[in-house]
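Single-letter residue listing:
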Amino acid sequence: MEKMLEKLIEGGTDLCIKLVISIIILLIGNKIIKVVENMLKKEKKFSKLEDPSVKSFVISFITISLKLLLFVTVLSIIGIPMTSLITILGSCAVAVGLALQGGLSNLAGGIMLLIFKPFIIGDYIEANGKEGTVKSISLFYTTIVGIDNVVTQLPNGTLSNSNITNYNACKKRMLNITYDVSYDSDIDKVKKVLQEVIDEEDKIIKDDPIRIAVKSHNDSSIGIVFRAWTLTSDYWDVYFRVMENVKKKFDKNNIEIPYPQMDVHMKK
């Protein structure tokens, strides 16, 4: 009985020592991994990559791999045999793989996004009803920040199978605006006023095709299309200025933007 008690005390003491060592290694290991992650983010070789998305993805992959290695090391220190550990991990991997098919789908989606590059970090995109600037592409999620500073995480698996609109893919964007004017308006005068707005806007590219023409005959107005090109980086500034200046010039030249109206004839 005394020998059994001694063995239990000895075994318990040994286990406690191993647990303490494992906890210390776990804490130190996590700090080291954090330091390595920060070093990789500041690594100059990564800054040479043309696509910052690759940097984000690789760092995420290395960090997760190091944490997995730390976890295996801690288990081995506790005393779990490596052969048994490999068997357990293999079984767990199969079980987790079946249970987390969505996670594996996100991982595959992240790889597809890096290969085909429908967008990169810094692009303004719209997908799955969300839009914003891409801030990071990790193993499983892509993070975007909207104009109102709301952060949204989109699963890579869903994102890779979605319709993605990339507003920064091209260097230039077209201002494609339709103005509705009254049927009583002088069309030539309207076109002249719109041309003046174009001439006064420095950020509109004058060498690219510019189009001002009658687009449609509506129920209570005529649609005049206004098409001009600007740099993508200048698009919204130019758009807002054009909208404001057109309204001012229409008012100055007595060009009416009619309200929707309907004529009703009553028969007695």
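Everything quoted here is computed from the prediction, not taken from an experiment.

**Overview of the environment of Leu113**
And then number 1: If you trace the backbone, Leu113 turns up in helix 5 (residues 101-116).
And then number 2: With 29 residues separating them in the primary sequence, Leu113 and Thr142 have C-alpha atoms 9.7 Å apart.
And then number 3: With sequence-adjacent residues up to four places away left out, Leu113 is seen in contact with Pro118, Phe119, Thr142, Asn156, Leu159 and Ser160.

**Let's talk about helix 8 (residues 235-252)**
And then number 1: Compared with the 26 Å implied by 1.5 Å per residue over 18 residues, the 26 Å span of helix 8 between its first and last C-alpha is a close match.
And then number 2: When we look at burial in helix 8, the residues that qualify are Tyr235, Val238, Val242, Val246, Lys249 and Phe250. Projected down its long axis, helix 8 shows its buried positions confined to an angular sector of 95 degrees, all on one face. Turned more than 90 degrees off the buried face of helix 8, the exposed positions are Phe240, Lys248 and Lys252.
And then number 3: Trailing helix 8 by a residue or two, Asn254 shows a phi angle of about 55 degrees, which is positive.

**Overview of the sheet that holds strand 7 (residues 211-217)**
And then number 1: Spatially, 3 strands are ordered 6-8-7 in an open sheet, and the strand pairing comes out antiparallel. Bordering the open sheet on either side are strand 6 (172-181) and strand 7, each of which pairs with just one other strand. The sheet shows a mean angle of 25 degrees between the axes of neighbouring strands, direction not considered.
And then number 2: Along the sheet, helix 7 (residues 187-200) contacts strand 6, strand 7 and strand 8 (222-231); its crossing angle with strand 8, the most-contacted strand, is approximately 15 degrees.
And then number 3: Across the sheet, helix 8 lies against strand 6 and strand 8, angled at about 25 degrees from strand 6, the strand it touches most.

**Brief notes about a positive patch on the surface**
And then number 1: A cluster of basic residues, Lys191, Arg211, Lys215 and Arg227, forms a positive patch at the surface.
And then number 2: Along the chain, the position of Lys191 falls in helix 7.
And then number 3: Since its relative accessible area comes to 30%, Lys191 is described here as partly exposed.

**Here's the deal with helix 7**
And then number 1: Given a rise of 1.5 Å per residue, 14 residues ought to cover 20 Å, and the 20 Å separating the end C-alpha atoms of helix 7 matches this to within 8%.
And then number 2: Residues of helix 7 that are buried: Val190, Val193, Leu194, Val197 and Ile198. Mapping the buried residues of helix 7 onto a view down its axis gives an arc of 145 degrees, with all of them on the same face. More than 90 degrees from the buried face of helix 7, the exposed residues found are Asp188, Lys192 and Glu200.
And then number 3: At its buried positions, helix 7 is contacted by strand 6, strand 7, strand 8 and helix 8.
And then number 4: A distance of 3.0 Å separates the backbone nitrogen of Asp188 from a side-chain oxygen at the start of helix 7, and that oxygen is part of Asp186.

**Notes on unusual backbone geometry**
And then number 1: Not every positive phi belongs to a glycine, and Asn128 is a case in point at roughly 55 degrees.
And then number 2: Mapped onto the fold, Asn128 is located in the loop between strand 1 (124-127) and strand 2 (130-137).
And then number 3: Overall, the relative accessible area of 39% leaves Asn128 in the partly exposed class.
And then number 4: Although it is not a glycine, Asn254 adopts a positive phi angle of roughly 55 degrees.
And then number 5: The topology assignment puts Asn254 in the segment after helix 8.
And then number 6: The exposed category is assigned to Asn254, whose relative accessible area is 71%.

**Section: the nonpolar core**
And then number 1: Tyr179, Leu194, Phe226, Val242 and Phe250 are the most contacted members of the largest nonpolar core, which totals 21 residues.
And then number 2: When residues of this core are traced back to their parent elements, those giving at least two are strand 6, helix 7, strand 8 and helix 8.
And then number 3: Here Tyr179 is in contact with Leu194, Ile222, Gly223, Ile224, Phe226, Val242, Met243, Val246 and Phe250, once residues within four sequence places are set aside.
And then number 4: If you look at the next biggest cluster of nonpolar residues, it comprises 9 residues, including Phe119, Val134, Ile144 and Leu159.

The rules behind the values
Residues numbered from 1 in each chain as written. Predicted model: local features only at pLDDT ≥ 70, side-chain atom pairs only at ≥ 80, totals over all residues. Heavy atoms only, no water. Helix = DSSP H or I, 4+ residues; strand = E, 2+ residues; numbered from the N terminus. Contact = heavy atoms within 4.5 Å. Expected span 1.5 Å × (residues − 1). Buried < 20%, exposed > 50% of the residue type's maximum accessible area, 1.4 Å probe, protein only. Arc of directions from axis to C-beta. Pairing = 2+ DSSP bridges. Axes fitted to C-alpha atoms, helices over the stretch in contact; angles between N-to-C directions. Patch = residues over 30% accessible without salt bridge, like charges linked within 9 Å, V, L, I, M, F, W, Y side chains within 5 Å. Areas by Shrake-Rupley, 256 points an atom, 1.4 Å probe, with all protein chains shown as cover. Salt bridge = Lys/Arg side-chain N within 4 Å of Asp/Glu carboxyl O. Lys, Arg positive; Asp, Glu negative; His and termini not counted. Charge placed at Lys NZ, Arg CZ, Asp CG, Glu CD. Polar contact = N/O pair within 3.5 Å; in protein donor to acceptor, adjacent residues only side chain to side chain. Core = buried A, V, L, I, M, F, W, Y, C linked by side-chain atoms within 4.5 Å.

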